[in-house]
Amino acid sequence: MDTHFGSVAFTNAHVVRFVEKYRAMCEPGSVFWCDGSDDEKDHLTREAVAQGILTPLNPGKLPGCHLHRSNPSDVARVEQCTFICTPGREDAGPTNNWADPREMTAKLHELLAGSMRGRTMYVIPYLMGPPGAPLAKVGIEITDSIYVVLNMRIMARMGAIALKQLGDSDDFNRGIHSVLDCNPDRRFICHFPQTNTIISVGSGYGGNVLLGKKCLALRIGSWLGRQQGWLAEHMLILCVESPEGEKTYIAAAFPSACGKTNFAMMIPPAAFAGWKVTTIGDDIAWMWPDADGRLRAINPETGYFGVAPGTNLATNPNAMRTIARDTIYTNVALLPDGDVWWEGKDSPPPAQATDWMGRPWTPASREKAAHPNSRFTAPMSNNPALASEAEDPAGVPISAIIFGGRRATTMPLVFQAFNWTHGVYIGATMGSETTAAAAGTPGQVRRDPMAMLPFCGYHMGDYFNHWLQVRRKLTDPPRIFHVNWFRKDDAGVYLWPGFGENFRVLKWIVDRCRGRGKARETQVGWMPRHAEFDWRGLDFPREKWDALNKFDPAEWQRELLWQDELLLKLHDRLPKELIFQRELLISRL
Ligand code: GTP
Ligand code: SPV
Ligand code: MN
């Protein structure tokens, strides 16, 4: 039995053939062809509520919002279950899990056989990127999860708009997803770049199953980008507008749960009257050299799948407004009045709540009320600071690229690379503490090159080389910077206030790009002096600044040895430019 909601016809023969193949394999009770309409959303939302997948929240406080509780064993990306399936192991490189495409396909098809009996198979056509953008891409995701359908319609342009862009073409990403029985032992997220196919089984969590996001936009995207001369990056995109109306576009790569959404939505401190920051994207950037030799960027997504803990009216007021309606909350705590709560939402904690696993919770409880990786899914159109450029198929010209990690020691607040090659080295050797966004122990410093360690769909050495090659097509390359909001003092307290105050760093970066900002040359790059920062409205003592930017030779020595671990792993495909950069850094140190 088939359900077609609106009037959208699935006439593309390649799509029909693809769906029939998996209908025969998965044997669903019915097939639901999604058109992306509001009627369809209402119908599916009612169905999800009836099945207990979503809980409606207080309609007075949070209109159109719902809570979802995931399986407690399925709360984050699982890097150990994520595979790149290329004919040769070396094409995936030593930083990815690899599997033989034929063997993995056989194993997955066996798991999928009969997996949807008595259930509905949803067919989701979606478009990544504004319609008409040169890099815009169509995907068809088959899934047996209503939660996936309802999230996908927030995160991507779904339904008729995607089918229109596709026309009769065979050029679409084929995505197959089944939750199966949500058993971690049968959890595989597999990418087949040669056939532009993704198969994900055994999970219902965001990055594992919203296949347009990390799987297509980054892993397959980076693979396509290398072939076609563009970059698919784990980056936010924002616009800084001066009181005079001068606009500067900036992209920034911070690892998962290290501050992209917050930086992309920041509000400048009150003293910077007339300055504005607007959001183009909060997680993914597709960037290409344009005919004028500038790097242009689009955000392929339409929503924010953001970290809830730590989000509040002081840290991120734009996010709080964005998630006040039409939002799906996953694994947050529920209050008796149908409101939601998480650690760091506001103080004091509620007297009682239901925790993310559905158990009674009070402030005396030892465990957290919300999962540390609890998330909101909200449409970007809710964002009061959404940039009009977010829908522009021509994208925006990028003036600066910022890399940043979560580092309690060693790394200063901000420094600028001497040039593009040095900037690529800084991005390639970046380190950051692990977070709750991926399964595993949080708080361990690891190398996370360009925040792409879990997302690069091919050999990291080739990826660095691709970055160096892109430079050749740029006559006006973006300046490259490194930031760290997370340095701590000896008592473990953050030295930098962060959030909106990060605007001071942003303004220094804009001024550097515009040839106005001052800096001194250091061993690691160009750094601002205390006097060269715009401190209006903030008294930030000189001693604290010195601690924040302290250069510790012993720490840098350890840093270099850490970097070597990665560089050695990649040695047979490591561009020689990066080896020279390492030597230059050592001689400066
Ligand atoms: P992904 O969605 O996983 O890619 O994460 P993200 O990079 O978008 O990170 P996000 O902005 O959601 O921030 C993650 C966590 O870091 C949240 O708990 C934030 O409150 C916290 N955070 C963000 N910016 C800052 C900052 O400037 N200083 C401090 N101390 N914490 C921050
Ligand atoms: C990340 O982990 O970087 C995220 C969340 O943005 S997920 O979509 O799960 O990848
Ligand atoms: Mn991310």
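## Focus: the site of ligand 2
As a structural note, the neighbourhood of ligand 2 is formed by R77, Y205, G207, K213, K214, H234, S256, D283, F305, R375, A437 and F455. Between ligand 2 and D283 there is a distance of 3.4 Å, counted from an oxygen atom to a side-chain nitrogen or oxygen. Protein contact buries 98% of the 280 Å² of open area that ligand 2 shows by itself. Taken together, the residues that form the shell around ligand 2 break down as four nonpolar, three polar and five charged. Split by domain, the residues of the shell around ligand 2 number at least three in each of domain 1 (4–53 + 78–228) and domain 2 (233–302 + 387–588).

## A word on the coordination of the manganese ion (ligand 3)
With distances of 2.2 to 2.5 Å, the protein atoms coordinating the manganese ion (ligand 3) are K214 (NZ), H234 (NE2) and D283 (OD). Around the manganese ion (ligand 3), the six donor atoms are arranged such that angles at the metal cover 66 to 176 degrees; this shape is classified as irregular. Along the chain, the residues donating to the manganese ion (ligand 3) fall in the pattern K-x19-H-x48-D. Highlighted residues: K214 in helix α8 (residues 212–228) and H234 in the loop between β13 (231–233) and β14 (236–241), separated in sequence by 20 residues.

## Comments concerning the domain arrangement of the protein
Under the domain assignment, the protein is made up of domain 1 (4–53 + 78–228), domain 2 (233–302 + 387–588) and domain 3 (304–382). Between domain 1 and domain 3, the C-alpha centre-to-centre distance is 28 Å. Of the residues lining the interface, eleven residues belong to domain 1; the matching set on domain 3 comes to eleven residues. Counting the surface lost from both domain 1 and domain 3, the interface buries some 840 Å², and carbon and sulfur atoms represent 65% of this. When the area that domain 1 buries against domain 3 is broken down by residue, the three leading residues are Y147, I154 and Y205, summing to 54%. Where domain 1 meets domain 3, there are one salt bridge. Where D326 meets K41, a salt bridge forms, and the shortest distance between an N and an O atom there is 4.0 Å. At the junction of domain 1 with domain 3, the criterion picks out four residue pairs in polar contact (both at pLDDT 80 or more). Elements that contribute at least two residues to the side of domain 1 that touches domain 3 include exactly α5 (146–155) and α7 (206–209). Per-element tally for the side of domain 1 that touches domain 3: the top contributor is α5, with five residues. When the residues that make up the side of domain 1 that touches domain 3 are grouped by side-chain class, the tally is five nonpolar, three polar and three charged.

## Here we look at helix α15 (residues 553–569)
For α15, built from 17 residues, the straight-helix expectation of 24 Å at 1.5 Å per residue is met to within 8% by its first-to-last C-alpha distance of 25 Å. Regarding α15, the residues found buried are E555, W556, E559, L560, Q563, D564, L566 and L567. Its buried side turned inward, α15 meets α11 (420–428), β29 (445–447) and α16 (576–588). For α15, the N-terminal cap is D552; the gap from its side-chain oxygen to the backbone nitrogen of A554 is 2.9 Å.

## A word on the environment of P309
Along the polypeptide, P309 turns up in the loop between β19 (303–307) and α10 (317–322). By relative accessible area, P309 is classed as partly exposed at 22%. Sequence spacing of P309 and A370 is 61 residues, and the spatial spacing of their C-alpha atoms is 7.5 Å. Non-local contacts of P309, meaning those with residues more than four positions away in its chain, are made with W342, E343, H371, P372 and S374.

## Brief notes about the site of ligand 1
As a matter of local geometry, ligand 1 sits amid 22 residues, with A257, K260, N262, P309 and R375 nearest to it. Here an oxygen atom of ligand 1 and a side-chain polar atom of N502 are 3.0 Å apart. Expressed as a share of its isolated accessible area of 660 Å², the protein-covered part of ligand 1 is 92%. Its residues placed into classes, the shell around ligand 1 shows ten nonpolar, eight polar and four charged. If you count residues domain by domain, the shell around ligand 1 takes at least three from each of domain 2 (233–302 + 387–588) and domain 3 (304–382).

Conventions we followed
For every chain, the first residue of the written sequence is number 1, and numbering continues from 1 along that sequence. Whichever chain is written first becomes A and whichever ligand is written first becomes 1, with later ones labelled in order. Per-residue local features of the predicted model are confined to residues with pLDDT of at least 70, and side-chain atom pairs are confined, for both listing and counting, to 80 or more; whole-chain, interface and lining totals are unaffected and use all residues. For the side-chain quantities, the full set of heavy atoms in the structure was used; hydrogens and water were omitted. The cutoff for a nearby residue is simple: one of its non-hydrogen atoms must lie within 4 Å of the molecule or strand. Definition of a polar contact: a pair of N or O atoms within 3.5 Å, with one able to donate and the other able to accept a hydrogen when the atoms are protein atoms, and with sequence-neighbouring residues admitted only if both atoms are side-chain atoms. Here, Shrake-Rupley sampling with a 1.4 Å probe gives the accessible areas, and only protein chains in the shown set may cover a residue. Here the term charged refers only to Asp, Glu, Lys and Arg, the term nonpolar to Ala, Val, Leu, Ile, Met, Phe, Trp, Tyr, Cys and Pro, and the term polar to all other amino acids, Gly among them. An automatic or database domain assignment is the source of the domain bounds shown. In this description, a donor is an N, O or S atom within 2.8 Å of the metal centre, a cutoff extended to 3.2 Å for sodium, potassium and calcium. Water is not part of the atom list, which can make sites seem incomplete. Square planar and octahedral sites, with four and six donors, are those where opposite donors lie more than 155 degrees apart and all other angles lie between 65 and 115, tetrahedral sites have four donors with every angle between 85 and 135 degrees, and the rest are irregular. The numbering of helices and of strands both runs from the N terminus, where a helix is a DSSP run of H or I of at least 4 residues and a strand a run of E of at least 2. Whether two residues are in contact is decided by their heavy atoms, any of which lying within 4.5 Å being enough. Once two parts are put together, the accessible area they lose, assessed with a 1.4 Å probe and summed over both, is termed the buried area. Only one rule defines a salt bridge in this text: a Lys or Arg side-chain nitrogen within 4 Å of an Asp or Glu carboxyl oxygen. Expected span of a helix, by definition, is 1.5 Å for each gap between consecutive residues, and there is one gap fewer than residues. Only protein chains enter the area calculation, which uses a 1.4 Å probe; residues under 20% of their type maximum are buried, those over 50% are exposed, and those in between are partly exposed.

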